[in-house]
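Now for the letters of each chain:
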Amino acid sequence: CGPDLLAPEILKPDVTAPGVDILAAWTGENSPSELDSDTRRVKFNIISGTSMSCPHVSGIAALLRQARQDWSPASIKSALMTTAYNVDNAGDIIKDMSTGTASTPFVRGAGHVDPNRALNPGLVYDAGTDDYVSFLCALGYTASQIAVLTRDGSTTDCSTRSGSVGDLNYPAFSVLLGSGGDEVTQHRIVRNVGSNVRATYTASVASPAGVRVTVEPPTLKFRATEQTQEYAITFAPEQGSVAEKYTFGSIVWSDGEHEVRSPIAITWPASQAAAM
């Protein structure tokens, strides 16, 4: 669960997938209880955890890779995240099993994966090696440290790269507001992967408590020769205080057919949290 302590500007987890009481094939090399004293051997077992949810997501990613062979890994992740759903079969927000109350994006990420919707997400947030190099520069990695990861023998000059950690082209927003009340702006680029090359998308925002969110431009118009568009999203603290250390919202881009949803998580200053 989040928040991400190493890079708080990146929302974690990404998504939620089936992982409770999952029936699956079981190795004959171990007992169903995994206890040394248990001599039973079975062909199937029911277990829970990320060991069960990870195969579900991996399988969906493999299917997307087969169906959309020109998509990058980042595009596949984006499709999984922006099409995920956040309500259960009773129409309520997915619950946090540890508390029994409604979960937050720090528990469910962008939501529960929906394989069919992920095939046709409308827009994707793509990212490649260069994006991640800029991300590492913003985190303060040195050229020698980055070279270990890129393995291409080149030297990265971080002084030539602008942008903040929060500018990684990631399909979610996590924002740390400073005690000075300054606003924070993050930048994103989306690519139209829908069948309508002349699509027009309009943003709608559910602002987290205590924050005014503005999107510029509020409308993205795509053409056959312009299939990528950039936008900036600004988070400005409003006057007054909030009662929580974290508040949440979302931004949805829609063309009337697709809804491209990204969660928003706001982390408030420690001084304010201490005063609550």
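Structural data are supplied above this passage.
Residues numbered from 1 in each chain as written. Predicted model: local features only at pLDDT ≥ 70, side-chain atom pairs only at ≥ 80, totals over all residues. Heavy atoms only, no water.

S.K.: Can you help me understand the side chain of Ser78 in this one?
M.R.: Structurally, the position occupied by Ser78 is in helix α2 (residues 73–82). What makes Ser78 buried here is its relative accessible area of 0%. Setting aside chain neighbours within four positions, we find Ser78 in contact with Leu123, Val124, Tyr125 and Pro171. (Helix = DSSP H or I, 4+ residues; strand = E, 2+ residues; numbered from the N terminus. Buried < 20%, exposed > 50% of the residue type's maximum accessible area, 1.4 Å probe, protein only. Contact = heavy atoms within 4.5 Å.)

S.K.: I'm lost on the packing of helix α5 (residues 129–139) against helix α6 (residues 143–150) in this one. Help?
M.R.: The description of two packed helices rests on the angle between their axes and on the distance between the axes. Running from amino to carboxyl end, α5 crosses α6 at an angle of 150°, the nearest separation of the two axes being 10 Å. Judged by the inter-axis angle, α5 sits roughly antiparallel to α6. Crossing geometry of α5 relative to α6 is assigned as right-handed. The segment α5 lies against α6, with Val133, Leu136 and Cys137 engaging Ile146, Leu149 and Thr150. Here the contact of α5 with α6 is built from residues that sort into five nonpolar, one polar and no charged. (Axes fitted to C-alpha atoms, helices over the stretch in contact; angles between N-to-C directions. Parallel < 35°, antiparallel > 145°, perpendicular 65-115°, else oblique. Left-handed = near helix turned anticlockwise from the far one by under 90°. Nonpolar A, V, L, I, M, F, W, Y, C, P; charged D, E, K, R; others polar.)

S.K.: What exactly am I supposed to notice about the state of the cysteines here?
M.R.: Put plainly, a disulfide is one covalent bond tying together the sulfur atoms of two cysteines. All told, the structure shown has one disulfide when counted by the stated rule. One disulfide bridge connects Cys137 with Cys158, the sulfur atoms lying 2.0 Å from each other. Handedness here is read from the sign of the S-S torsion; for Cys137 and Cys158, about -70°, the answer is left-handed. Placement of the pair is Cys137 in helix α5 and Cys158 in the loop between α6 and β4 (173–176), with a sequence separation of 21 residues. (Disulfide = S-S within 2.5 Å.)

S.K.: Please explain the sheet that holds strand β11 (residues 259–267) as it appears in this structure.
M.R.: The strand order β4-β11-β10-β6-β8 describes an open sheet built from five strands, whose pairing is mixed. Both edges of this open sheet fall to β4 and β8 (219–221), since each of them pairs with a single strand only. Neighbour-to-neighbour, the strand axes of the sheet open up by a mean angle of 20°, direction not taken into account. Summarising the sheet, strand β6 (residues 200–206) and β8 pair through three bridges and their orientation is antiparallel. Looking across to β8, one finds that Thr200 is bridged to Lys221. (Pairing = 2+ DSSP bridges.)

S.K.: I tried to follow the side chain of Asn45 on my own but got confused; where do I start?
M.R.: Counting through the fold element by element, Asn45 comes out in strand β2 (residues 44–47). Reaching out from Asn45, the side chain makes a polar contact with the backbone oxygen of Pro32 at a distance of 3.0 Å. Excluding anything up to four places from it in sequence, Asn45 contacts Ile22, Leu23, Ala24, Trp26 and Pro32. (Polar contact = N/O pair within 3.5 Å; in protein donor to acceptor, adjacent residues only side chain to side chain.)

S.K.: Just checking my understanding: could you explain the packing of aromatic side chains for this structure?
M.R.: One pair of aromatic rings is described through two measures. These are the centre distance and the angle between the planes. Under the definition given, this model contains five aromatic pairs. Look at Phe173 and Phe235: their rings are 6.2 Å apart centre to centre, the planes differ by 55°, and that puts the pair in the tilted class. Of this pair, Phe173 sits in strand β4 while Phe235 is found in strand β9 (residues 228–237), placing the two residues 62 residues apart along the sequence. Joined through ring pairs, the aromatic side chains of Phe106, Tyr246 and Phe248 make up one cluster. (Phe/Tyr/Trp six-rings, centres within 6.5 Å; stacked < 30°, edge-to-face > 60°.)

S.K.: Would you take a moment to explain the nonpolar core for this structure?
M.R.: Taken as a class, soluble globular proteins show a tendency for nonpolar side chains to be buried jointly. The biggest cluster of nonpolar side chains holds 23 residues, and the ones touching the most others in it are Tyr231, Ile233, Phe235, Ile251, Trp253 and Ile266. Listed by contribution, the elements that provide at least two residues to this core are β4, β7 (211–216), β9, β10 (246–254) and β11. (Core = buried A, V, L, I, M, F, W, Y, C linked by side-chain atoms within 4.5 Å.)

S.K.: Is there a simple way to think about the pattern of salt bridges in this case?
M.R.: Where charged atoms of side chains with opposite charge meet at close range, the side chains can pair. Scanning the model with the defined rule gives six salt bridges in all. A salt bridge links Lys12 to Asp14, with the nearest nitrogen and oxygen atoms 3.0 Å apart. With a relative accessible area of 18%, Asp14 lands in the buried category. Its salt-bridge partner being Arg261, residue Glu259 comes within 3.5 Å of it at the nearest N-O pair. The class of Glu259 is partly exposed, set by a relative accessible area of 42%. Judged by relative accessible area, which is 29%, Arg261 ranks as partly exposed. Each of the salt bridges in this network shares a partner with another, and the network as a whole consists of Lys12, Asp14 and Lys77. (Salt bridge = Lys/Arg side-chain N within 4 Å of Asp/Glu carboxyl O.)

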